[in-house]
Amino acid sequence: MSQEAVPVDPHETLYVPMRRRFTREYITTPEGNRELHLFFGIKEITIDEPDLHSFGEALLQQDQFMAGSATTWSGGEPYPWERVRELLEALLSEEILSREAPKPSSRGDIHQRFLEAEALREAPTEPLWWNPDCPRVMERLTGRPLELGFLEAVLPLHRIAHPALDAEGRHVGEMNVFPVAMRMKLPTEWKPCPYPGSRFRDEAMMNVTALRSMTRHWKSVLRGVLAVREEYLRRRPLLPDGRWRVGDLHAFCVAVLALPTLLLMRGNNPVPNGELDPVLSSMFRVTDGVRMVAAYLLYHPEEPRPYDTPITPAELYRISEHENQFLSSRGVCAGPPHMVEEFFATLMDGKPVEGPPVPLPEWAADIPAAVDYAMLGLLLYSLQFNLWGRMCGAYDALRSALLPVEDEPDGLLGRLRARVEIDWRMIETLGLNQPSTRAQVESRRVEQYENALHILKGFREDTPRHLQDAFIPAHDAVDARARLRLRELLRSRADAAPEARSDVLEAIADALAEYLSIERPVLRALEGIQSQVNALLQRPHPERKFSSAALSLSHRLRIGITRPLPDLMELLRDALEITVENTEETTRITTAPTRSQ
C-alpha cells in the first residue's frame, strides 16, 4: 500500500531521508507577497501562506520526528492537527517524507546501472585521437573517413578535445567524452556525494579521481581562467552594471575550452596526445560545466533566454542547484560548494587568486588565437544546429503530407510514414516539434552567431554577416533539377499509386527539395568558415568540396546517446533507397540499396 493511502497518525514517526538535499529561497512575487520555496532534488515546494513559513523552516531541520510534534512548528499558537496532517500526507505522497527509516546505501541504482553498462560497453584499448588520424578514426566510428580539415564543421569545437589524454593519463572530457566510442575504460574512484543540496547522496556518484586532480592544480586553474577572461573582456565588455550576459558567459566558456583544443589541434607543433598540461584539462572540465548551464539557459525549448539576459555568480549557482544542473546519469558534480563558489567568483567577477603572482605557462601566449578559434567554432556550431532546426521543419512538412494518407504498411507511403514517425518521436523529445519553439531557438542561434562574429578579430569578406544570410535558397537550375528528380523517383517507387496520391508524392518531393535548396548555401558558409579555422591552425584545407555526406557524420556520431538527432538523408536512403549528396554547387540524387541489403 502506498504511503499516502493511510492517514497519518499523530503518534507515528516520520522520516526525512535526504534532509541535506533541501535548499530554500524566499521569493517576492510581482504582487509583493513573500513566498518560501523549498527545493528537494527535482521537486519544488512553494509555501505561499506566511504563517506556514516557520513550518517549512522547521522541516529543514528534521531527520525524523513524531507527526504530532509538527503542530508546534508554528512559532506561536500550535497549528490545528487537521491542517498539519494534510501537509504531511502531501509530503508523503511526493516521497519527501517516509514512514520507513532510511537504509544506508553505498551505491545507488543509477550508478549501478552505469557500471553495468560500462562493463558491457565496447571501448578502445589504445588511445584514439583526431590529430592527425581523423580519417582513420572517423571511419572506425562511422564507416566513412573525414579529412582533418573538415572536423570543426562536423563536430562542435567544445567537444573536440574530449577524447584527448592529458599528462596524468585522463581523458580531457572524463566521463563526458564524445563520441563515447573514443572513451577508454580508465580506473576511476567513485563516492556518494556528501555535499548538501540537490546532489546530496544522489543515486549517481561523484568522480573522486577527477576531483583530486582538480584540487592539485586549483590555483593554476583559476589563474589560467583569469588570463582568458582578460582577453575576452578586452574584446567584449560586461554590461554597464558589471553583470555578464548569459550569451557572453557561454561564449567565454567556449573560449576557455578552445585553448587546450587549439594546442592539441594546431598544424605546427601540436601537443602530443597524452602530454597535455593537467592544468589545461582541469580548466576544461570545470569550465565545461558552466558552459553546459549557460547552453541550457540559452536553448532550453520551454524558455530560451535571450543572449543579453544578465546573470550573476549567485544566480548561476542558484540555477545550477535548483534546476538540477549538478546532476547527470554518469555522475554528479564533484566540486565542493566552496570551490564551486570560488570558481564562479573568479570566472565572472574576476576574483584575484590568493598568494603572490605566478608567471603563466608558455601556453598563455596562445590565448588570443584560442579566443578566435572559439568564435569561429561558434559560427560553425550556429550554422550546424540551425540547419538541423530547418531539417526538423522539413520533417514537419513530410509528416503533415503523410498523416492523412491511408496505405498498406509495406507500401511506399506506409513505409515512409512509419520511418518519419520514428524520427519525429526523437524530435519531440528535443522539444522541437513545434514551429514556435524552433523559431525561438533559431533566434538564439542568430544572436550567438552575430555576437561571435563581433568578438572575432577579423574574418573573410565572404563570411555571412547574419545567420539568415546563409539560409537563403538559390532556387536555381540545380534546385529545379533536384525537385524534378525527386518527383520522378518517388513516382517510380509508388507502385502505380492512385491519382489521389500524386499530390502527396509531389508535396513530399517539394518538402525534400526545399530543404536541399537551403542546405546548399549553408554548406558554402560552413566550408568558408572552416577554411578560416584551417588558416588559424596552420593546416591545409581539403581539396574536395564539403558535402552533406560529410556533415551527416555529426548525426552518426550521436547514434546510441540519450538524445540522438534524426537525419533526413538517412531516412531517404533507408526508407526510399534514394541517396542524396549536396555541395554548394551540385545536388546529386541516385538510387541505392538499403544498408540491410
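Bear in mind that the values here come from a model prediction, so they are computed numbers and not experimental data. (Residues numbered from 1 in each chain as written. Predicted model: local features only at pLDDT ≥ 70, side-chain atom pairs only at ≥ 80, totals over all residues. Heavy atoms only, no water.)

Enquirer: Please explain the sheet that holds strand E4 (residues 43-47) as it appears in this structure.
Expert: Taken in spatial order, the three strands make up an open sheet running E2-E3-E4, and their pairing is antiparallel. Pairing within the sheet leaves two strands with one partner each, and these edge strands are strand E2 (22-28) and E4. The sheet shows a mean angle of 25° between the axes of neighbouring strands, direction not considered. Pairing analysis gives seven bridges linking E2 to strand E3 (residues 34-40), with the strands arranged antiparallel. Considered in E3, the bridge of Tyr26 is made with Leu36. (Pairing = 2+ DSSP bridges. Helix = DSSP H or I, 4+ residues; strand = E, 2+ residues; numbered from the N terminus. Axes fitted to C-alpha atoms, helices over the stretch in contact; angles between N-to-C directions.)

Enquirer: Just to check I follow, could you spell out the pattern of salt bridges for this structure?
Expert: Pairs can form between side chains of opposite charge whenever their charged atoms are close. This structure, assessed with the given rule, holds 49 salt bridges. Put simply, Arg235 and Asp372 hold a salt bridge, and the shortest N to O gap is 2.6 Å. Of the two residues, Arg235 is situated in helix H8 (residues 218-235) and Asp372 in helix H13 (residues 367-402); the sequence distance between them amounts to 137 residues. Of the residues examined, Arg235 reaches a relative accessible area of 12% and is grouped as buried. One salt bridge connects Arg556 with Glu570, and the closest N-O pair in it is separated by 3.4 Å. Residue Arg556 is located in helix H19 (residues 553-556), and its partner Glu570 is located in helix H20 (residues 568-576); the two are separated by 14 residues in the primary sequence. Of the residues examined, Arg556 reaches a relative accessible area of 21% and is grouped as partly exposed. On the basis of relative accessibility, which here comes to 12%, the residue Glu570 falls in the buried class. (Salt bridge = Lys/Arg side-chain N within 4 Å of Asp/Glu carboxyl O. Buried < 20%, exposed > 50% of the residue type's maximum accessible area, 1.4 Å probe, protein only.)

Enquirer: Please clarify how helix H3 (residues 109-120) should be interpreted in this entry.
Expert: One turn of an α-helix holds 3.6 residues; hence residues three or four places apart share an orientation. Over its twelve residues, H3 runs 17 Å from end to end, which matches the ideal 16 Å to within 8%, given 1.5 Å per residue. Among the residues making up H3, those that are buried are His111, Phe114 and Glu118. For H3, the buried positions fall inside an angular range of 55° around the axis, keeping them on one side. Of the residues in H3, the exposed ones pointing more than 90 degrees away from the buried face are Arg113, Ala119 and Leu120. Elements in contact with the buried residues of H3: strand E6 (190-191). (Expected span 1.5 Å × (residues − 1). Arc of directions from axis to C-beta. Contact = heavy atoms within 4.5 Å.)

Enquirer: Where do I start with the state of the cysteines in this structure?
Expert: Tallied over the full model, the rule gives zero disulfides. Take Cys253: it sits in no disulfide, and the sulfur closest to it among the cysteines is that of Cys333, at 14 Å. On the basis of relative accessible area, Cys253 is assigned to the buried category, the value being 0%. (Disulfide = S-S within 2.5 Å.)

Bear in mind that shape data such as this cannot, by itself, settle questions of function.
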